[in-house]
Every structure is written in structure tokens, then in C-alpha cells.
Amino acid sequence: MNPFRRFWQTVYRSVFRVGIPKTNLGRAQAMVSSFLLHLHPAKVRRDSLRPTRTFGLGLITLYLFIILVVSGVLLMFHYVPSVERAYDSVRDLSFVVTAGVLLRNCHRWAAHLMVVAIVLHMARVFLMGAYKAPRQFNWGVGVGLFLLTLFLSFTGYLLPWDQLAFWAITVGTSIAAYAPGVGELTRFSLLGGNIVGQASLLRFYVLHVVVLPAAAILMIAVHLYRIRKDGGLAHPDEDQPTVEEGEAPPPQKSYGLMALTESSTPYVGRDPGKEVFAWPHLLIREVLLFVGTFSVVLLLAIFFDAPLEELANPIHPPNPAKAPWYFLALQELVAHSAFLGGVIIPGALVLALILLPYLDRRRVGIGRWFARERWLANGTFLLVLLALAILTVIATFFRGPNWDWVWPWAAGG
Ligand code: HEM
């Protein structure tokens, strides 16, 4: 063999122990021997690959997070977290830095999309009853990730230091102050004072680029690990009224090649005839989904610029000053009753989400869309989502100066 080719092969094999697999054993080994691929099992259920099973929403959320981390690190090379220079450094991205505007737009649209994707992912998991045993803990990790995502987006909002950022954060943090006992302290600690200023910008920056992403990476790792350990995706076979409520279904005997690679809690009803190798069936879908997700972000970034208003002016509040869109439902509730809307209702919703899998333990309707047996749970969930969506629409379009009702189509409304 040509010495150059031999040298190249030696280097290649030192990195990728298994080449492109051609046998079933090779396909399983490829999964086990690579750091990234070993997150997958060697084989997956054929029906879990159907697009309508998950709509790829968990993966889309993951991909958006990765796009955010990469574009965020690149933005950090230019951004300066100081009240004097933050605004100019963001504006320079549009006019001075090569491809800066594209970078900023990608980061901004990916952040909005991630909030949308995570809500849809959570809804998918809920509607399929996939939070039940053995996935209660992973659902809880998910609730943590959801709150982290909102907080990540919120802390990023202040960084451009324009009017939009300044007043959205002023409103957002004043909502936090309604929490009984700890509210004022939370607001003060978050802002590093009583008003949004240099201390707030630095705190938001450190939270946004170090603390929250680090926490999110750790929790995503736990989340993905638990998906494997909980036996893969929830499946209708897990409907077992005979299994005691809240208990995971009993592990099944493993067989053959799977014994090497399966998750520690194999799912019930494992049938080799209904499984396919993750290489290439799952991998190819994952790659395509990434290409699709990235393309959407890129297209949005090319055609729509992220907003940048005038420089923040602490003595000139816009009227009305609105929170970021994902907190607008909260702002609308607070406008009616600060304590009930700002504390009791959101607190009760988060608590209900965390406790849900420990309260609803009937082993019915798992892994199926809109199972009839789950009409009450699914109906309640959808009603709450609908109510939040209506409140968001009202706050976005029907609220004018002093939070008075306006008709958006009325002249000057
Ligand atoms: C950064 C945020 C998140 C990422 C990256 C993520 C990622 C994923 C992925 C890749 C899956 C595999 C199946 C799928 O694609 O749907 C999954 C499943 C799951 N996720 Fe998430 N997720 C996140 C947030 C959440 C949230 C907010 C919840 C719920 C509160 C949640 C609960 C679950 C549960 C229980 C499963 C197992 C579902 C099943 O077995 O069918 N996740 N997640």
C-alpha cells in the first residue's frame, strides 16, 4: 500500500476505531466505540423513528441549544458588558464585523425558537403520558430545563442595552419582586441594586454566558442519559394496568447482541423483529433534522434582522413597557393582580408540573397521542396552554399606553 495512504489510515483509525460499518456487528460496535455515538443504543424500535412519534422536538431543542452556544461564543469575541460600550459593540456587529449581523440574528432567532421548541416538546411528552414511571425524574429534570431556558433567554435580553432591553428587564424583574418574602431580595440580587445599571448588566452577562449555560449543559447530559436508562422512549406496550401504580414495568430478559448495548432498564415487550440498527436508521434522521433546524435558523437570520432600538434611556420609559414575549402572559396576569398573577398562579403551575408524575400514576395511555383514557389530563393541559396563549396575544396586540385596552386595527391603536 502507498506509504502515505497507510500513514493516513493509521491516523484515521487512531481517532475512529471502527470505519464505516458494513456488518450488523460493526453497526453495533460503531455505536459503542464512539464518545458521541455511544449516547445511542445499538438498536432502536422501528416505530419510534416515525416522524409523528416525537416530531423530533427534543432533538430540535438540543440542536437549537448547540447553535446558541456556538453563535454565543463567537458573539463574545465582540461584545463588551459595560454600560458605555455594550450598545455600540452590538451595533458594530451590524456595520463593522464581518458577518456580524448574521451571527447576531442567528443567536436571536435560535433563542426564540428554542423557547417555542421546548414548550412543544414538553406538550408532546405530556400528551403522550411519557412522564409516568420510570420517567418521573427525567420529567422533573425537563421542568428544570424549561425554567433554565426561560431564564437564559431573559438574561440575554438585557445585553444589547437598548430601550427594548432596558425596559423589558425593568418590567421583568419588577414581576419577580412580587414573590412574598424573597421577592425584593431576589430583584435586588439580580440587579445588583435597586435599578437596572452597570451591576445588573454584569450580573446578567455572567449568568447568561457562564452560570446558566453550564447548568443547562449538565442538566441536558443528565436528561439524555436518563432517556437511555429509562428504556428509551415511552411506548404503548408500557400500558400495564396490572403493574402497581407508579412502578416501572418489570425489566425483560435481554438477548444476543443487545445484551452488550441495551439500556439498563430494557423496555417491556422488546421484540428484535421490530427493531432496527441505530446506524444508519437513527443517525441519518438526526443529521437531516440538524440540517433542517440549522437551515430554518439561517433563513430567518438572512431575511429578518434582530431588533435594535435606540440606546437605553433610564429616564424615558416607553409606554407601555412590555416584558419579553414569553413573559407577556405573566405580565397580563400581574396587571390584574400582582400577587395572584405574579406569584400564586405561576408558582402553582410550576409546582403542578413537578408533582404531576407522582400524582397521575395510572398506567394507561402511555406513548400514544391523545389517548382516550387520558382525556381529563390532556384536556386540562391543553386548556392551560390555550389560556396562556390567549393572554400572550392580548398583552402583545391589545394593550396600549398605561396597559389600557386598545384595538390593534383602530387608527393609531
Ligand atoms: C434543553 C431542553 C431539552 C432538551 C435538549 C431535551 C431533549 C430531549 C430528547 C432529545 C428527547 C428524546 C425524544 C424526543 O426527541 O422527544 C427527550 C425526551 C424526553 N424529554 Fe426532553 N428535552 C428538553 C426539555 C424537556 C422538558 C422541558 C421536559 C418536560 C418538562 C422534558 C421531558 C422529557 C421526557 C419525559 C422525555 C422522555 C419522553 C419519552 O419517553 O417519550 N424534556 N428530551
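Coordinates for the structure precede this section.
Everything numeric here is computed off the predicted structure, so don't read it as measured data. (Residues numbered from 1 in each chain as written. Predicted model: local features only at pLDDT ≥ 70, side-chain atom pairs only at ≥ 80, totals over all residues. Heavy atoms only, no water.)

How should the overall build of the protein be read in this particular structure?
Broken down by element type, the protein carries 15 helices and 2 strands. Judged by the C-alpha coordinates and their principal axes, the protein covers about 70 × 65 × 40 Å. The buried share of the protein, taken over its 413 residues, is 46%. Residue pairs in contact within the protein that sit at least 24 positions apart in sequence constitute 76% of those at least 6 positions apart. Carbon and sulfur atoms provide 70% of the accessible area of the protein, an area that totals close to 21900 Å². Across the protein, 35 positive and 24 negative side-chain charges occur, with their mean positions spaced 11 Å apart. (Helix = DSSP H or I, 4+ residues; strand = E, 2+ residues; numbered from the N terminus. Buried < 20%, exposed > 50% of the residue type's maximum accessible area, 1.4 Å probe, protein only. Contact = heavy atoms within 4.5 Å. Areas by Shrake-Rupley, 256 points an atom, 1.4 Å probe, with all protein chains shown as cover. Lys, Arg positive; Asp, Glu negative; His and termini not counted. Charge placed at Lys NZ, Arg CZ, Asp CG, Glu CD.)

I keep staring at helix α8 (residues 163–176) and nothing clicks. Help me out?
Count 3.6 residues to each turn of an α-helix, and residues three or four apart come out pointing the same way. For α8, which comprises 14 residues, the first-to-last C-alpha distance of 20 Å matches the rise-based estimate of 20 Å (1.5 Å per residue) to within 8%. Every buried residue of α8 is listed here: Q163, A165, F166, W167, A168, I169, T170, V171, G172, T173 and I175. Here the buried face of α8 lies against α7 (136–158), α9 (183–191), α10 (198–229) and α13 (328–336). (Expected span 1.5 Å × (residues − 1).)

Before we go on, may I ask you to explain the coordination of the iron atom of the ligand in this structure?
Any two of four tetrahedral donors ideally make an angle of 109.5 degrees at the metal, while pairs among six octahedral donors ideally make 90 or 180 degrees. Within the first shell, the iron atom of the ligand binds the protein through H121 (NE2) and H223 (NE2), at distances of 2.0 to 2.1 Å. One way to put it: the 6 donor atoms around the iron atom of the ligand meet at angles of 88 to 179 degrees, and that makes the site octahedral. Taken together, the residues span a long stretch of sequence, with H121 in helix α6 (residues 100–127) and H223 in helix α10 at a distance of 102 residues. (Donors = N, O, S within 2.8 Å, 3.2 Å for Na, K, Ca; no water. Tetrahedral: all angles 85-135°; square planar, octahedral: opposite > 155°, others 65-115°.)

I'm lost on the pattern of salt bridges in this one. Help?
Following the criterion strictly, the structure yields 11 salt bridges and no others. The residue R399 makes a salt bridge to E332 at a minimum N-O spacing of 2.6 Å. One end of the pair, R399, is in the segment after α15 (375–397); the other, E332, is in helix α13, and 67 residues separate them in sequence. Neither R399 nor E332 differs from the other in exposure class; each is buried. (Salt bridge = Lys/Arg side-chain N within 4 Å of Asp/Glu carboxyl O.)

I would appreciate a short explanation of the site of the ligand in the present structure.
The full set close to the ligand counts 25 residues, and H121, R124, G142, H223 and A234 are the nearest of them. Within the side chain of H223, an N or O atom sits 2.8 Å from a nitrogen atom of the ligand. Contact distances for the ligand include 2.7 Å between an oxygen atom and a backbone N or O atom of A234. Broken down by element, the shell around the ligand gets its largest block of residues, 6 residues, from α6. Taken together, the residues of the shell around the ligand break down into 16 nonpolar, 7 polar and 2 charged. (Near = heavy atom within 4 Å. Polar contact = N/O pair within 3.5 Å; in protein donor to acceptor, adjacent residues only side chain to side chain. Nonpolar A, V, L, I, M, F, W, Y, C, P; charged D, E, K, R; others polar.)

Can you help me understand the packing of aromatic side chains in this one?
Centre-to-centre distance and the angle between the planes together describe a pair of aromatic rings. The tally for this structure, following the rule as stated, stands at 23 aromatic pairs. With 5.9 Å between their ring centres and 55 degrees between their planes, F154 and F204 make a pair best called tilted. Here F154, found in helix α7, pairs with F204, found in helix α10; they are 50 residues apart in sequence, far enough to count as distant. In this structure, F154 and F204 share a single accessibility class: buried. Counting every residue linked through ring pairs, the aromatic cluster contains F151, F154, F204, W325, Y326 and F327. Sitting above the plane of the Y157 ring, R108 keeps its charged end 5.3 Å from the centroid. Taking the ring centre of F126 as reference, the NZ or CZ of R374 above it sits at 5.4 Å. (Phe/Tyr/Trp six-rings, centres within 6.5 Å; stacked < 30°, edge-to-face > 60°. Lys NZ or Arg CZ within 6 Å of the ring centre and 35° of its normal.)

Function cannot be read off these values alone, since they describe shape.
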